[in-house]
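# Overview (structure and organization)
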Amino acid sequence: MVRLITHNLLACHAKGCTSNNFPLQFKDVQIVVRESEFNPDFLRGFIPKIEWPALVSSSRELGDTSLSDQLPEMLDDAFLKTLHRVLFEIHVEEGVMICPNCSHHYPISNGIPNMASSVTLLIRGLPYLASSWLNMKLANDLKIS
Amino acid sequence: MAADFVRWWTVRWGSCDARLSSSATPMAPPVTITSVDASSPEAYELANVHDVYDQIAPHFSSTRYKPWPIIATFLQSLRPEWVGLDLGTGNGKYLPFCPCAIGLDRSRNLLDIARTAGGMTREVVQGDVLENYWRPGVFDYVISIATIHHLATPGRRKRAIQQMLSAVSPDHGRVLIYVWAVRQDEQSKRTIPTTDSSQGQDVFVPWVLSDDQNRIFNRYYHMFADGELEELVITAAGEIGLYVGQGRQEGIEIVQQGWERSNHYVELRRYRVQG
């Protein structure tokens with residue numbers, strides 16, 4: 001499952017990609033919203049770990065605009081419920097996460113992101129790589145013409 | 001594509017299935033000694049670990065499971081607001097016992113089971129324990145139960161430990177690692193080809209499908225010698241500049257280590273003195 005609680009912890013690990021490699025950008029996503037149990041104590045403990053600007057921009061990429069640019073000072077129940085929904089209830093079922101620095105693609109299918117190494121991708125993902133290369137080439141060709 | 005690789009490796013390595021089936025009985029077939037092609041441990045693991053798990057995944061029970069005492073105690077000692085990583089989560093059997101944890105595994109088919117382990121939505125990620133896909137030090141704890149014994153060289157097992165140490169908080173991060181031991185207890189159902197527990201041993205452990213006794217899948221394991229896990233941890237930590245022991249500004253403490261139910265385990269804690 002890719003929910004924003006996981007996404008906010010992920011960073012690109014491609015070789016040599018060590019800066020501006022976070023947050024991964026969502027593209028072509030399919031989303032399902034599922035309710036889950038609200039746990040305010042967990043959220044209060046988790047807030048210091050959150051990279052707030054990344055969470056705000058990523059949630060907006062997923063079409064949710066409920067978070068404000070700044071983390072509010074008052075962590076009241078209304079805010080925690082909003083945060084709970086953003087972190088736990090938006091499920092990205094299909095799509096791609098793209099590194100803002102090196103453009104490495106991490107596909108998500110059936111709710112599971114594939115972060116496996118490029119070697120694994122080469123062995124298992126050749127069809128995927130070939131199609132993304134073709135797409136890129138087509139896009140470039142179109143741009144040029 | 002993956003199936004082609006298995007076929008290629010089977011031809012390349014000689015059919016281990018054929019070797020086993022001659023001695024296979026309706027009971028569990030014996031564990032056999034193997035040796036790793038050091039020139040390509042990655043391809044070796046792909047054929048003898050990852051593809052095997054992908055094929056036998058549906059036969060893994062995802063029903064109730066009770067963690068062993070050391071693991072249960074460790075998980076109960078974690079703070080409820082902590083976030084952890086289960087490296088080599090398999091079918092996710094530990095996820096229901098963890099405070100918020102993300103399960104990581106190479107096997108896509110096992111993850112399809114893990115994503116609803118214990119009847120709840122779980123966070124799972126397909127990936128390699130040799131890589132770190134996370135903001136550095138973002139996790140409060142890491143567990144890796146019965147995973148790094150599937151890595152085919154000492155260097156790769158060491159690197160996996162280094163990734164665990166880097167994934168947890170430098171201030172309080174906790175790590176629990178379990179691996180299979182040469183030293184087996186009397187409850188072990190396996191016949192082991194060696195009893196010299198001072199030497200690690202590379203083996204194939206057969207998995208027989210319950211509905212087709214003729215299909216045997218061999219999984220690669222490195223059975224750890226007595227003391228091997230601790231030594232590996234100390235080398236791994238030293239190489240990334242982490243002192244092992246107490247009393248420094250920053251380092252790793254070995255909280256406990258030992259042997260339980262035919263496994264070696266080690267529990268680690270990172271610490272950093274403030275100010």
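Small disclaimer: the values here were computed from a predicted structure and weren't measured.

What counts and what doesn't
Residues numbered from 1 in each chain as written. Chains lettered and ligands numbered in written order. Predicted model: local features only at pLDDT ≥ 70, side-chain atom pairs only at ≥ 80, totals over all residues. Heavy atoms only, no water. Helix = DSSP H or I, 4+ residues; strand = E, 2+ residues; numbered from the N terminus. Contact = heavy atoms within 4.5 Å. Polar contact = N/O pair within 3.5 Å; in protein donor to acceptor, adjacent residues only side chain to side chain. Pairing = 2+ DSSP bridges. Axes fitted to C-alpha atoms, helices over the stretch in contact; angles between N-to-C directions. pLDDT = per-residue confidence, 0-100. Left-handed = near helix turned anticlockwise from the far one by under 90°. Nonpolar A, V, L, I, M, F, W, Y, C, P; charged D, E, K, R; others polar. Core = buried A, V, L, I, M, F, W, Y, C linked by side-chain atoms within 4.5 Å. Buried < 20%, exposed > 50% of the residue type's maximum accessible area, 1.4 Å probe, protein only.

### Re the environment of Thr34 of chain B
Residues and elements named next belong to chain B. Following the sequence through the fold, Thr34 ends up in the loop between strand 1 (32–33) and helix 3 (41–56). Distance in space between the C-alpha atoms of Thr34 and Lys93 is 29 Å, their sequence separation being 59 residues. If we ignore the near neighbours within four places in the chain, the residues touching Thr34 are Tyr44, Gln201, Asp202, Val203, Phe204 and Tyr220. Within the local environment of Thr34, its side chain forms a polar contact with the side chain of Tyr44, the two groups lying 3.1 Å apart.

### Overview of the sheet that holds strand 3 (residues 105–109) of chain A
Residue and element names in this part refer to chain A. Strand order across the open sheet formed by 4 strands is 1-2-3-4, with antiparallel pairing between neighbours. Only two strands of the sheet have a single neighbouring strand rather than two, namely strand 1 (25–33) and strand 4 (112–113). Along the sheet, helix 4 (residues 77–89) makes contact with strand 1 and strand 2 (90–98), crossing strand 2 at roughly 60°.

### What about the confidence of the model for chain A?
A low pLDDT means the predicted coordinates there should not be read in detail. Confidence along chain A averages 87 in pLDDT terms, with 79% of residues attaining 70 or more. Confidence scores differ between elements of chain A, with helix 5 (residues 118–124) of chain A showing the lowest mean pLDDT of 49 and helix 3 (residues 52–61) of chain A the highest of 98.

### With respect to the packing of helix 6 (residues 154–167) of chain B against helix 7 (residues 228–239) of chain B
All names here are of chain B. Contact pair helix 6 / helix 7: the axes reach a minimum separation of 9 Å and the direction vectors enclose 65°. As for the relative orientation of helix 6 and helix 7, their crossing is right-handed in sense. Residue-level inspection shows Pro154, Arg157, Lys158, Ile161, Gln162 and Leu165 of helix 6 in contact with helix 7, the latter providing Glu228, Leu229, Leu232, Val233, Thr235, Ala236, Ala237 and Glu239. Looking at the contact of helix 6 with helix 7, its residues break down into 8 nonpolar, 2 polar and 4 charged.

### Section: the nonpolar core
Ranked by internal contacts, the top residues of the largest apolar core, which has 67 residues, are Trp134, Ile148 and Ile177 of chain B. Ranked by the residues each element gives to this core, the list is headed by helix 4 of chain A, at 6 residues. Non-local contacts of Ile148 of chain B, meaning those with residues more than four positions away in its chain, are made with Arg157, Ala160, Ile161, Met164, Ile177, Val179, Phe224 and Leu229 of chain B. Of all hydrophobic cores here, the second largest spans 22 residues; its members include Val203, Phe204, Tyr220 and Tyr221 of chain B.

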